[in-house]
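Listed below are the residues making up each chain.
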Amino acid sequence: DCSGRLEPFSAVAPDTSSAGTKMYSYVGSSPAAQVKVSDSPAYGKLPPPAVEKKGVMVYRAGERVGFSELKHHVGWMEKHPSNGCVYAAGSGKLRAYKVAADGMLEEFSSADALGNPAHFCLSADGAWALCANYSASTLSVLPIAADGSVGAATDSKHHVVRLNPQLADRQEACHPHQVRLHPRRAGAG
């Protein structure tokens, strides 16, 4: 259980001092593609990093306090509405993390997102994650269990539309970038 450790998009770790709680913010990592791909707007403007670390930078009050090193890059991140866990998309999976007292993240669950999610959205009731899988052109639905763990996908849809032939040089397929739920609907159903 990760309960009681998060505030809106900042994690709150337990603090035994009289000063109160500590709030943390997280920034995921991604490959340095923007400086390595020749047709990228950033190509040639920045040197590629000497070492690409995989993980999540941890900040407190705007200052970097640590780095949770992981075996994968992390793109989109979102806090659960009630269980205190942080969820992240990385390397084709949706991953669940517990927040340690020092703000570092500890992965405790993951499930295949049926593609490589560029974005995901948690339902308002926290029972579902909907993933927009860029490369696979799919949307997938994964359950979130009461303990915060991520279950196997229960549904997916492959997005196929007739493409504009004039864009064939740069758009060979549909690439979902985002999935959103209506803010007033409690579930994903």
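Residues numbered from 1 in each chain as written. Predicted model: local features only at pLDDT ≥ 70, side-chain atom pairs only at ≥ 80, totals over all residues. Heavy atoms only, no water.

## Digging into the overall build of the chain
Looking only at helices and strands, one finds one helix and 13 strands in the chain. Written out in order from the N terminus, the α and β elements of the chain read β-β-β-α-β-β-β-β-β-β-β-β-β-β. Counting every position in the chain, which comprises 189 residues, the buried fraction comes to 37%. Taking all contacts inside the chain whose residues are at least 6 apart in sequence as the whole, residues at least 24 apart take part in 46%. For the chain, the computed accessible surface area is about 10900 Å², with 53% contributed by carbon and sulfur atoms. (Helix = DSSP H or I, 4+ residues; strand = E, 2+ residues; numbered from the N terminus. Buried < 20%, exposed > 50% of the residue type's maximum accessible area, 1.4 Å probe, protein only. Contact = heavy atoms within 4.5 Å. Areas by Shrake-Rupley, 256 points an atom, 1.4 Å probe, with all protein chains shown as cover.)

## Things to note about the nonpolar core
Membership of the largest hydrophobic core comes to 14 residues, with the highest contact counts inside it found for Tyr 87, Leu 94, Phe 120, Leu 122, Leu 142, Ile 144 and Val 150. Of all elements in the fold, only strand 7 (86-90), strand 8 (93-99), strand 10 (117-122) and strand 11 (128-133) reach the threshold of two or more residues within this core. Beyond its immediate chain neighbours, meaning those up to four positions away, Leu 142 contacts Leu 94, Ala 111, Asp 112, Ala 113, Ala 127, Trp 128, Ala 129, Cys 131, Val 150, Gly 151 and Ala 153. Counting residues in each nonpolar core, the second largest holds 13 residues, with Tyr 24, Val 56, Val 86 and Val 99 among its members. (Core = buried A, V, L, I, M, F, W, Y, C linked by side-chain atoms within 4.5 Å.)

## Description of the sheet that holds strand 11
Spatially, 10-11-12-13 is the arrangement adopted by the four strands of the open sheet, whose pairing is antiparallel. Each edge of the sheet is formed by a strand with only one pairing partner; in this case those strands are strand 10 and strand 13 (155-158). The sheet shows a mean angle of 15° between the axes of neighbouring strands, direction not considered. Across six bridges, the pairing between strand 11 and strand 12 (residues 138-143) is antiparallel. Counterpart to Cys 131 in the pairing with strand 12 is Ser 140. (Pairing = 2+ DSSP bridges. Axes fitted to C-alpha atoms, helices over the stretch in contact; angles between N-to-C directions.)

## Observations regarding the environment of Ala 61
As for its position among the elements, Ala 61 is in the loop between strand 4 (55-60) and strand 5 (63-69). Relative accessible area serves as the criterion here: at 77%, Ala 61 is assigned to the exposed category.

## As for the side chain of His 72
With respect to the secondary-structure elements, His 72 resides in the loop between strand 5 and strand 6 (77-79). For His 72, a relative accessible area of 5% corresponds to the buried category. Of note is the side chain of His 72, whose polar atom sits 3.0 Å from the side chain of Tyr 97. Excluding residues within four positions of it along the chain, His 72 makes contact with Lys 54, Gly 55, Gly 90, Ser 91, Arg 95, Tyr 97 and Glu 107. (Polar contact = N/O pair within 3.5 Å; in protein donor to acceptor, adjacent residues only side chain to side chain.)

## Here's the deal with the packing of aromatic side chains
Tallied over the entire structure, the rule returns zero aromatic pairs. Positioned above the aromatic ring of Phe 108, the side-chain terminus of Lys 98 is 5.1 Å from the ring centre. (Phe/Tyr/Trp six-rings, centres within 6.5 Å; stacked < 30°, edge-to-face > 60°. Lys NZ or Arg CZ within 6 Å of the ring centre and 35° of its normal.)

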